[in-house]
Number of protein chains: 2
Amino acid sequence: MTDRDTPETTDSAAARAFSAHDHEACAGEVLARAEAVSAARGARLTPVRRRALEILLEAHRAMGAYEVLDRLSAEGFGKQPPVAYRALDFLVEQGLAHRIARLNAFTACVHPGEAHSAAFLICRACHAVAEAEADPVRVALEAAAGAVGFQVERATVEALGLCPSCREAAAA
Amino acid sequence: MTDRDTPETTDSAAARAFSAHDHEACAGEVLARAEAVSAARGARLTPVRRRALEILLEAHRAMGAYEVLDRLSAEGFGKQPPVAYRALDFLVEQGLAHRIARLNAFTACVHPGEAHSAAFLICRACHAVAEAEADPVRVALEAAAGAVGFQVERATVEALGLCPSCREAAAA
DNA sequence: CCTCGCACGTTATAGAATAACATATCTTGA
DNA sequence: TCAAGATATGTTATTCTATAACGTGCGAGG
Ligand SMILES: [Zn+2]
Ligand SMILES: [Zn+2]
Ligand SMILES: [Zn+2]
Ligand SMILES: [Zn+2]
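Keep in mind the model is a prediction, meaning the values are calculated, not measured.

Trainee: Just give me the short version of the coordination of the zinc ion (ligand 1), but keep the residues and values in it.
Mentor: Residue and element names in this part refer to chain A. Donor atoms from the polypeptide that bind the zinc ion (ligand 1) are H21 (NE2), H23 (ND1), C26 (SG) and H60 (NE2), placed at 2.0 to 2.3 Å. Taken together, the four donor atoms surrounding the zinc ion (ligand 1) define angles of 102 to 117 degrees at the centre, an arrangement classified as tetrahedral. Written as a sequence motif, the donor arrangement for the zinc ion (ligand 1) is H-x1-H-x2-C-x33-H.

Given below as structure tokens:
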């Protein structure tokens, strides 16, 4: 698998979170990418960190730090909060995971290594979290900010609502 | 003072947070509007709630619930967290204040009563918080969401960066 | 081999938010 | 006017989230 191909992967990433798909393969690909990115960068994806990422990758949703901690400690890693927070902070710094401010929780990045400003779509019914393409959103935000002389460095864009399946279910 | 005039107030609201202005008058106007909106709606802006709003209106920044609580309790109101959280929750429900997810904090709405989707511009240096016009941002976000069948109900849009003054100071 | 840097683990504490219950006040209709 | 219900305020206790501070082990470079 080469490095900078299959842009199709990126384009469909958001949609996949809301539809049935071979998630085992999905998670496997992301993990492989994350490893490649880490290696290329000299960042050490140690056992706890890697396991934390795998846990986040189990589903397209966000997990609280303590939820991750419970999983890690059940597998022989440390039992105290800093264990989880350090692993998660590493993943966020490396762009392998994102923090969802609204939820005080974390979710695996679905296309690590690619520069992207993300917007998160959070289903209030099934709690699925999708990472949508946010470049146009970012542009609009920077325009609004620029109009008052504000320089945007980091943006938090999170939408709460209904995913396609839950929307359909609600309509029924 | 009539109700639906001076659209100029709205337009300059975001900019004001980042520039010198007669803030006493600024806060007074917002408070008056908040009272009018509450009255029109039959919502009870009781003493604690009103005082909480006044405290938030003291500056264009966000305050944590416990910071508000300290101020309230020093003035004879209750000393326990629910006192602050309940007042703040009321203000948020009524659209008189907003919660800033990134900061776990609250800020007064600068144009209560007017329907608006807000984006917040948070200066990482002086901690000023401005409420910018976010309709174009909202449109872009809904487009991105719609592309994958997601229906946006509420959006959190927060930018971290430098306000004009701090940007200038940093460049020096 | 030494040691410096980094990761990992711990204990302890800080910070943010809510559950559950008691009391008071306001509203409303008999 | 007064009883009943709804709303608001206050309390105690607990839960959830996050970080500070410190000690230990290990691997790379001298
Ligand atoms: Zn998947
Ligand atoms: Zn859903
Ligand atoms: Zn002002
Ligand atoms: Zn500033």
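Trainee: Break down the interface of chain B and chain A for me, citing the residues and quoting the values.
Mentor: Counting from both sides, the interface comprises 36 residues of chain B and, opposite them, 36 residues of chain A. Taken together, both faces of the contact between chain B and chain A bury some 3000 Å²; the carbon and sulfur share is 61%. In terms of surface lost to chain A, no three residues of chain B exceed V148(B), F150(B) and T156(B), which account for 21% of the buried area on that side. Across the contact surface, chain B and chain A share two salt bridges. Of the charged contacts, one joins R124(B) and E153(A) as a salt bridge, the two residues approaching to 2.6 Å between their closest N and O atoms. Summed over the shared surface of chain B and chain A, the result is 14 residue pairs in polar contact (both at pLDDT 80 or more). Residue assignment for the side of chain B that touches chain A shows that the elements contributing at least two residues are helix 1 (7–16), strand 3 (118–123), helix 6 (135–146), strand 5 (151–162) and helix 7 (164–171) of chain B. The dominant element in the side of chain B that touches chain A, judged by the number of residues it contributes, is strand 5 of chain B, at twelve residues. Along the lines of polarity and charge, the residues of the side of chain B that touches chain A split into 24 nonpolar, five polar and seven charged. Here strand 5 (residues 151–162) of chain A runs beside strand 5 of chain B; their pairing, made up of eleven bridges, is antiparallel. Of the residues in strand 5 of chain B, the one forming a bridge with V152(A) is G161(B).

Trainee: Tell me about the coordination of the zinc ion (ligand 3), residues and numbers included.
Mentor: Tetrahedral coordination by four donors puts the ideal angle at the metal at 109.5 degrees, and octahedral coordination by six puts it at 90 or 180 degrees. Residues and elements named next belong to chain B. Looking at the zinc ion (ligand 3), one finds its protein donor set to be H21 (NE2), H23 (ND1), C26 (SG) and H60 (NE2), positioned 2.0 to 2.3 Å from the metal centre. Considering all four donor atoms around the zinc ion (ligand 3), angles at the metal cover 102 to 116 degrees and the coordination shape is tetrahedral. Mapping the donors of the zinc ion (ligand 3) onto the primary sequence yields the spacing H-x1-H-x2-C-x33-H. Linking H21 in the loop between helix 1 and helix 2 (23–41) with H60 in the loop between helix 3 (47–56) and helix 4 (65–74), this pair joins segments that are 39 residues apart in sequence. For H21, a relative accessible area of 27% corresponds to the partly exposed category.

Trainee: Just give me the short version of the protein's contact with DNA strand D, but keep the residues and values in it.
Mentor: The local shell around DNA strand D holds 17 residues, among which Y66(A), Y85(A), T46(B), Q80(B) and R86(B) are the closest. The protein-proximal atoms of DNA strand D, defined as those within 4 Å of the protein, are 51% sugar or phosphate. Interatomic distance of 2.8 Å between a side-chain N/O atom of Y85(A) and a phosphate oxygen of DNA strand D. Contact between DNA strand D and R49(B): a phosphate oxygen at 3.4 Å from a side-chain N or O atom of the residue. For the surface near DNA strand D, the secondary structure elements donating two or more residues are helix 5 (81–93) of chain A together with helix 3 and helix 5 (81–93) of chain B. Taken together, the residues of the surface near DNA strand D break down into eight nonpolar, four polar and five charged.

Parameters and conventions
Residues numbered from 1 in each chain as written. Chains lettered and ligands numbered in written order. Predicted model: local features only at pLDDT ≥ 70, side-chain atom pairs only at ≥ 80, totals over all residues. Heavy atoms only, no water. Donors = N, O, S within 2.8 Å, 3.2 Å for Na, K, Ca; no water. Tetrahedral: all angles 85-135°; square planar, octahedral: opposite > 155°, others 65-115°. Contact = heavy atoms within 4.5 Å. Buried area = accessible area lost by both parts, 1.4 Å probe. Salt bridge = Lys/Arg side-chain N within 4 Å of Asp/Glu carboxyl O. Polar contact = N/O pair within 3.5 Å; in protein donor to acceptor, adjacent residues only side chain to side chain. Helix = DSSP H or I, 4+ residues; strand = E, 2+ residues; numbered from the N terminus. Nonpolar A, V, L, I, M, F, W, Y, C, P; charged D, E, K, R; others polar. Pairing = 2+ DSSP bridges. Buried < 20%, exposed > 50% of the residue type's maximum accessible area, 1.4 Å probe, protein only. Near = heavy atom within 4 Å.

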